[in-house]
Amino acid sequence: TNRDYRLYYERVIRKIAERYAKHPAVIGWQIDNETAPNGLPLPNVQKAFLERVKEKFGTTRRMNDAWGLVYWGQLVDSWDDFPARDGILNPGYKLEWERFQQSIVTEFLGWQARIVREYARPDQFVTQDFVGGVRTNVDQWAISRDLDVASTNIYHTSQDKLDGVAIAMGGDLARSLKQQYYYVTETNAQGIGWDSRGQFPPYDGQLRLSAWAHVASGASMVEYWHWHSLHYGQETYWRGLLGHDLEPNRVYREAMKIGEEFKRVGPRVADLSKDVKVAVLFSNDSFHGLSYMPVSDAVNYATVMQQMYSALFNLNVEADFVTPTTTDLSRYKVLIVPPLYVASDETLERISKFVDNGGHVVMAFKSGYTNEYDTVRWQRAPGPLRKAAGFSYQEFSSLAHPVNLKPDRYQLGANNQASAWAEFLMPETAETLASYDHPFFGRFPALTRNKFGKGTLTYEGTAITAELQQAVIRDVIERAGLAGADQRAPEGVRIRHGRNPRGAAIHFYLNFSPAAKSVSYAYGNGSELLSGKPAVRGAALTLAPWDVMVVEENR
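Residues numbered from 1 in each chain as written. Predicted model: local features only at pLDDT ≥ 70, side-chain atom pairs only at ≥ 80, totals over all residues. Heavy atoms only, no water.

Novice: Could you give me a rundown of the packing of aromatic side chains, with the residues and numbers involved?
Specialist: Scanning the entire structure with this criterion turns up 37 aromatic pairs. Seen from their ring centres, Tyr181 and Tyr183 are 6.0 Å apart, and the 40° between their planes marks the pair as tilted. Exposure remark for Tyr183: the relative accessible area of 11% places this residue in the buried category. Ring centres 4.4 Å apart and planes at 10° place the aromatic pair Phe424 and Phe444 in the stacked group. One end of the pair, Phe424, is in the loop between strand 12 (417–423) and strand 13 (426–427); the other, Phe444, is in the loop between strand 14 (431–436) and strand 15 (445–452), with 20 residues separating them in the sequence. Judged by its relative accessible area of 7%, Phe424 is buried. Look at Phe444 and you get buried, because its relative accessible area is 11%. (Phe/Tyr/Trp six-rings, centres within 6.5 Å; stacked < 30°, edge-to-face > 60°. Buried < 20%, exposed > 50% of the residue type's maximum accessible area, 1.4 Å probe, protein only. Helix = DSSP H or I, 4+ residues; strand = E, 2+ residues; numbered from the N terminus.)

Put into structure tokens, the structure is as follows:
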């Protein structure tokens, strides 16, 4: 936001663009790197924030009402008295500050993109790389509107802990930003870390498996950080494809194999399109809103979202990410909703309409409790969701200890359990799926399902175990008619799909385990691209440890 900084920054951008725009080796422009706000309330930043608040509310009275500043005598009578960020406790103010910080990054990157486009050739793309996964300090969707393609830096566990979930989650998010292919601009080569601790280079086959896992989520480029390991600086042990001796090694030779495969079959798997029927509703506002008023030290927005996504991943169900402002949900059959703590009436009504029209929702606790200003609604919880959810509640409680649930609907034994939080749900039209096995809490449902219109809304009024979460989501996937052969795959085998620009269906079989696995191929006859062998419907595909197979159906 500093004008002097912008002046010199623009000079640098223009000099670089003038120098390299016509170079035949330059295929595109990355305008910045993992850019994020720093949150500092510097004078020029605070001044810009005040202007944003003025524009949004118009008068101090409207702001006072929206944020409830009458409490503790925080009323602002004049914009000259608008308080600085430091020391603020009001949730509405803090949420608007977070939104403003995100908008600084959005505007800054858009400004750079516009300058670069003055020089870029028509065949060159403009991109920006995000920190991998779901980011809560930037608005990735808003930033991506100024990009030709979104890019992401996905780092993940390795060796015995390589399970593919971070690759899939980061990829699904990146693909959802523009509903198209994306680029992986950084990912693991050898061991990573800012020191020598935690050095876990990939086992044989894992580099190749990870590269193809990126492609299976929709990546059309995979780059490694670094090309060779650095001999100095903080990232000395963030190891590249080449080690410190700069000589070919085991990982480098595996990268050569990946390169050969990409060169040979790349045109058949690049620029994939996907037709997924499940979406995860990600709410940046809810992440921050719940962080101001946490329910537990162990359970928060991010942990529940990760648990829900991991359940989908383990069930071999691919998903898009959508936001509270996504207006058209009609392409999806199932909507997974982590705690939607901060939401406008319009967003909640859109979810209700989705259910009414035949969609199936799995929704976590705390949803619908505050409005878009992070102010608790005056109406009984869950507010505008009440009819679709089929219950209401007036009380809630922290859970000092985990509580067993009854009945054990999914035969989970000790994993049929709740923790951290309990809403005292009072069913109206909803059926009870599980209650607390407790002398007091037992009168209230922990899990409910309500038929509303043509669809259903399954609600979790408490934090549940990962095993129970997966069972609940599997149940809903089956009810939505989305279950099939993929859900019967052996443990550790992940299956993902796409369609290439030629119109052929592509099926990826990824073995994230140290044991050989056999899986029945359940799709149209075709060929396994990496080996060239035929793939026949109903025949067994045998995957070696940490192996991958890619089948292209005959058109």
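Once you've had a look at it, read on.
Novice: Summarise the sheet that holds strand 16 (residues 455–460); cite the residues concerned and give the values.
Specialist: The mixed open sheet is built from ten strands, whose spatial order is 7-6-8-9-16-15-14-11-12-17. The open sheet has two free edges, formed respectively by strand 7 (320–322) and strand 17 (462–464), since each of these has just one partner strand. In this sheet, adjacent strand axes meet at a mean angle of 25° when their direction is disregarded. Across two bridges, strand 11 (residues 396–406) lies against strand 14 in antiparallel orientation. Bridge pairing links Lys406 to Ser435 in strand 14. The strands touched by helix 10 (residues 301–314) are strand 6 (278–281), strand 7, strand 8 (334–337), strand 9 (360–363), strand 16 and strand 17; relative to strand 6, the strand with the most contacts, the crossing angle is about 170°. (Pairing = 2+ DSSP bridges. Axes fitted to C-alpha atoms, helices over the stretch in contact; angles between N-to-C directions. Contact = heavy atoms within 4.5 Å.)

Novice: A description of helix 11 (residues 345–356) should follow, citing residues and the corresponding values.
Specialist: When the terminal C-alpha atoms of helix 11 are compared, their 16 Å separation across twelve residues agrees well with the 16 Å that a helix rising 1.5 Å per residue should span. Where helix 11 is concerned, the buried positions are Thr347, Leu348, Ile351, Ser352, Phe354 and Val355. End-on view of helix 11: buried residues confined to an arc of 155°, all on one side of the axis. Looking one or two residues beyond helix 11, the residue adopting positive phi is Gly358, at roughly 115°. (Expected span 1.5 Å × (residues − 1). Arc of directions from axis to C-beta.)

Novice: Just give me the short version of the layout of surface pockets, but keep the residues and values in it.
Specialist: Quantified by volume, the largest pocket comes out at close to 930 Å³. What lines the largest pocket is a set of 38 residues, among which Asp139, Trp141, Thr323, Pro324 and Thr325 lie closest to the centre. For the lining of the largest pocket, the element with the most residues is helix 4 (residues 91–117), which contributes five residues. Across the lining of the largest pocket, the residue classes tally to eleven nonpolar, 14 polar and 13 charged. (1 Å grid on protein atoms, 1.4 Å probe; cavity = no way out; pocket = protein on both sides within 12 Å on 5 of 7 lines; lining within 4 Å. Points joined across faces, edges and corners; volume = space filled by probe spheres on them. Nonpolar A, V, L, I, M, F, W, Y, C, P; charged D, E, K, R; others polar.)

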